[in-house]
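Descriptive analysis of the structure
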Amino acid sequence: MALLAQLYEAQWVVVSIAALLYALERCRACLRLSAFKGPSSTDRSEVWHALTILTWRSHLIYKDVTDKYGTIARVGLNELLTSSPEVLVHMNAVRSGYTRATWFNRSFQVDEEKHTRRRQQMAAGYTGRENPAYGGIKADADLNNYLTSGEEGLTIITMAAALGLSPVRQWGPIARAFGPSEEDHSGFGKMLATARSLIDSRLEQSTKEKSDMLASFIRHDPSREELLGAAILQVLAGSDTTATAVRSIMLYVITPPGVYARLQAEIDEAVETGKVPAAPAIIPDSVAGGLGYLQAVVREGLRIHPPVTDIVPKKVPPNGDTITIDGNPVFIHGGTNISYCAWGVHREHDGEEKLATIRRTTELIFRYGKCQCQCLGRPIAWMEVTKVIFEVSHHWITSIRV
Ligand code: HEM
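Residues numbered from 1 in each chain as written. Predicted model: local features only at pLDDT ≥ 70, side-chain atom pairs only at ≥ 80, totals over all residues.

The name an unreviewed UniProt entry gives the protein chain is Cytochrome P450 monooxygenase, with Tothia fuscella as the organism.

What follows is the structure, given as structure tokens:
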């Protein structure tokens, strides 16, 4: 009681000390990245960053930032953004010491060990094998509102991330009250229920003879919940990305003069020489892989409009790191987040830049490097996209043949 009474008497001293400590901490935070330039206010608060994400045009704004302030720029109190492929490759290198930053809380596994284990369980399943089917292609419709709810889900995830509310969104009682439930009749909850029943029926059959994706996951002995997570992740990670890739590549195939004509000439040649089986069969992956112009169109389409523009920050190792920027060594404090500026990385090389640079840089679209973060579905994505671009160009847009 006596201590409380003394504290009460000295309340203004206590409050002043707390305010001073807070002010000192703010100054330290503000000065932390003072060596880097960025939009004004990013040295004082995270408001700029939050508002940028909420514009839904953040990828373009980030590019403006790296164009204006350099290949590594400040976008928040503890946040840097880079358009330098060298810095990104350095961060993604084996044993670089960089780890996933908490921004990953939005949907991916942050615990590095758990994440690596889960990747190992899943990796073999992503070798171009048959995926679990959710019925959308057969129905030729947005069955059970899967696509609509996917879009809504991404909107909610992005808004929560922008406002720093991801932990609240994922908090048990909130997630249970407002999140999807397997009892739902449509949407993501329904997809969870469908995935669970596909898994249950697959578990009843032998996984020895037929090696589809689920069978491969099952052979790595995951728990039922891990299996559900893996089955859902491949849908979430593989649908919007691939759809965006197909749509943007098609846009760039049909708009610049000459591209479609050249692609069609390659397709005609493949059909006339019997390399491609007659419809309704579709082009085998082995033939698509040998069509040079088709492959170039896909690579260039992915570069000019990267489907994934998430900034996916990485945390600098605790002791800090020295990186070379424009030939000069720059020290970055441990714990700083460095993010990826997709539009800046891939559109930097428009014009005279050498093909080899573009080729190396485009690998970053699938998160290149020996890091435990590259896209597991890359071979599937490449196969799907090249086949769709071939078939659409071959059968459905011949009316615009030039
Ligand atoms: C053009 C299409 C695609 C692009 C551009 C793309 C790109 C990416 C990128 C950049 C990441 C890393 C995200 C991060 O750093 O956290 C990623 C992760 C992932 N992708 Fe893809 N992806 C595509 C298609 C696919 C497909 C079709 C599948 C599945 C069939 C797939 C499965 C995955 C999985 C499972 C991960 C998470 C890996 C992990 O947790 O470490 N992706 N993808």
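At the junction of alanine 279 and proline 280, the peptide bond is cis and its omega measures out at 10° in the coordinates. Considering the arrangement of structural elements, one finds proline 280 in the loop between helix H14 (259–272) and helix H15 (285–288). In this structure, serine 41 is a non-glycine residue whose phi angle is positive, near 90°. Along the chain, serine 41 falls in the loop between helix H2 (11–32) and helix H3 (47–54). Its identity as a non-glycine residue notwithstanding, valine 312 has a phi of 30°, on the positive side. Secondary-structure assignment places valine 312 in the loop between helix H16 (292–304) and strand E4 (314–315). (Helix = DSSP H or I, 4+ residues; strand = E, 2+ residues; numbered from the N terminus.)

With that settled, consider the domain arrangement of the protein chain. Segmentation of the protein chain into domains returns domain 1 (1–27) and domain 2 (33–132 + 212–400). On a C-alpha basis, the centroid separation for the pair domain 1 and domain 2 is 50 Å. (Domains from an automatic or database assignment.)

The strand order across the open sheet built from five strands is E1-E2-E7-E4-E3, with neighbouring strands paired in mixed fashion. With one partner strand each, in any of the chains shown, strand E1 (72–76) and strand E3 (99–100) form the two edges of the open sheet. Inspection of the sheet shows E4 paired to strand E7 (residues 337–340) by two bridges, in the antiparallel sense. Following the sheet pairing, lysine 314 is matched in E7 by isoleucine 338. (Pairing = 2+ DSSP bridges.)

With five bridges joining them, strand E5 (residues 321–325) and strand E6 (residues 328–332) adopt antiparallel strand pairing. Bridging from a neighbouring strand, isoleucine 325 pairs with asparagine 328 of E6. Joining the antiparallel neighbours E5 and E6 is a turn of two residues, in which aspartate 326 adopts a positive phi near 50°.

Here the focus is the site of the ligand. Around the ligand there are 22 residues in total, and Ala237, Gly238, Cys375, Gly377 and Ala381 lie nearest to it. Elements with a minimum of two residues in the shell around the ligand: helix H13 (224–254) and helix H19 (378–396). Per element, the largest residue contribution to the shell around the ligand is seven residues, and it comes from H13. Each residue belonging to the shell around the ligand can be placed in one class, and the counts come to 15 nonpolar, five polar and two charged. (Near = placed C-beta within 6 Å. Nonpolar A, V, L, I, M, F, W, Y, C, P; charged D, E, K, R; others polar.)

Taking 1.5 Å of rise per residue, 18 residues should cover 26 Å, and helix H11 (residues 187–204) covers 26 Å from first to last C-alpha, within 8% of that figure. Buried within H11 are the following residues: Phe188, Lys190, Met191, Thr194, Ala195 and Arg202. All buried residues of H11 project into a common sector of 150° when viewed along the axis, lining one side. In H11, the exposed residues that point more than 90 degrees away from the buried face are Ser197, Asp200 and Glu204. On its buried face, H11 sits against helix H8 (146–162), helix H12 (213–219) and H13. (Expected span 1.5 Å × (residues − 1). Buried ≥ 20, exposed ≤ 12 C-beta atoms within 10 Å, placed from the backbone. Arc of directions from axis to C-beta. Contact = placed C-beta atoms within 7 Å.)

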